[in-house]
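Here is what each chain is made of, one letter per residue.
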Amino acid sequence: MTETSSTISRIGIYPGTFDPVTQGHMDIIRRATRIVDQLIVGVAINAGKGPMFGVDERCKLVEEALKAAGGEVAARTSVKPFSSLLMDFAKENGSSTIIRGLRAVSDFEYEFQMAGMNARLSPEVETVFLMASDKQQFVSSRFVKEIARLGGNVSEFVPANVLKRLHEKLAEEKE
C-alpha cells in the first residue's frame, strides 16, 4: 500500500530564541502554516545570548501568543524548547523543513551560510526563507528590548501578552 499525498504530514520547524516573540515572528508563523501541515516553534535555549526571559517563559509567551492568534495557526502550531543541533532537533521531530525569516540583506548572508551548513549535515532537510512583511522588516527582539528599557512604546511590535510581561520584567529589574 502506498501513501497518498493526503496522508503525508509536512512538519516544519521555525527555530529561534524568541526573546521575546515579536509581531514579526508571529507574521512568519502565520505564513509558515500555509506551507507546512504542522509547525513546531523551536525555542533555542541559547544561554550564550544572555536572554531576558528564561526558556520556559519564552515558550509560554509564544504559546500564549499562538492561543490569542487562534484558528488554524494555533491548531497547527506547537512550541518546544531545544538545546541540540537544529538538524538533530529536526530529525527527532520528523521535520523535513526549516523555516527562517529574513528582514534585510544583512540577515541573508548569515542565513545563507547557516542553510549551507545545515544542508551538509542533513541533506534531506530543506531550508525555506520567508521575507518579513514590509510592516515587520525592522522589528527585532533586540530592538524591542532596547526601546522598552529606555521607556519607549513597543505595543505595536509585540503581542499583548508579551507587552504585559515585558513591562513586568523591566519593573522587576529596577527593584
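Computed from a prediction, not measured in an experiment: that's the story for all the values here.

Parameters at a glance
- Residues numbered from 1 in each chain as written.
- Predicted model: local features only at pLDDT ≥ 70, side-chain atom pairs only at ≥ 80, totals over all residues.
- Heavy atoms only, no water.
- Buried < 20%, exposed > 50% of the residue type's maximum accessible area, 1.4 Å probe, protein only.
- Helix = DSSP H or I, 4+ residues; strand = E, 2+ residues; numbered from the N terminus.
- Polar contact = N/O pair within 3.5 Å; in protein donor to acceptor, adjacent residues only side chain to side chain.
- Salt bridge = Lys/Arg side-chain N within 4 Å of Asp/Glu carboxyl O.
- Contact = heavy atoms within 4.5 Å.
- UniProt positions renumbered as here; feature names shortened; annotations may be inferred.
- Phe/Tyr/Trp six-rings, centres within 6.5 Å; stacked < 30°, edge-to-face > 60°.

Side note on helix H1 (residues 23–32)
Then, number 1: With eight of its ten residues buried, H1 lies for the most part within the structure.
Then, number 2: Listing the buried residues of H1 in full gives Gly24, His25, Met26, Asp27, Ile28, Ile29, Arg31 and Ala32.
Then, number 3: Measuring from the backbone nitrogen of Gly24 back to the side-chain oxygen at the start of H1 gives 3.2 Å, which picks out Thr22 as the cap.

Some words on the pattern of salt bridges
Then, number 1: By the definition in use, this model includes twelve salt bridges.
Then, number 2: When the shortest N-O distance is used, the salt bridge between Asp27 and Arg31 registers 3.0 Å. Of the two residues, Asp27 and Arg31 are both situated in helix H1; the distance of four residues between them amounts to about one turn of the helix.
Then, number 3: Overlapping salt bridges, with partners in common, bring together Glu57, Lys164, Arg165, Glu168 and Glu172 in one network.

Focus on the side chain of Arg165
Then, number 1: Here Arg165 shows up in helix H7 (residues 160–174).
Then, number 2: Look at Arg165 and you get buried, because its relative accessible area is 15%.
Then, number 3: Look past the residues within four positions of Arg165 in its chain and what remains in contact with it is Phe53, Glu57, Leu61 and Glu172.

So, the UniProt feature "site: Transition state stabilizer" (unreviewed entry) in the protein
Then, number 1: Taking the UniProt record as the reference, the feature "site: Transition state stabilizer" (unreviewed entry) is found at His25.
Then, number 2: Topologically, His25 is positioned in helix H1.
Then, number 3: On the accessibility criterion, His25 (17% relative accessible area) is buried.
Then, number 4: Contacts of His25, omitting those with residues within four sequence positions, involve Tyr14, Phe18, Pro20 and Ser141.

Concerning the packing of aromatic side chains
Then, number 1: Evaluation of the coordinates by the stated rule reveals five aromatic pairs.
Then, number 2: With a centroid separation of 5.3 Å and 75° between ring planes, the pair formed by Tyr14 and Phe18 is classed as edge-to-face.
Then, number 3: Centre to centre, the rings of Phe82 and Phe89 are 4.4 Å apart; their planes meet at 15°, and the pair counts as stacked. For the pair shown, Phe82 and Phe89 are each scored as buried.
Then, number 4: Feature note: the residues Phe108, Phe112 and Phe129 constitute an aromatic cluster, connected by ring pairs.

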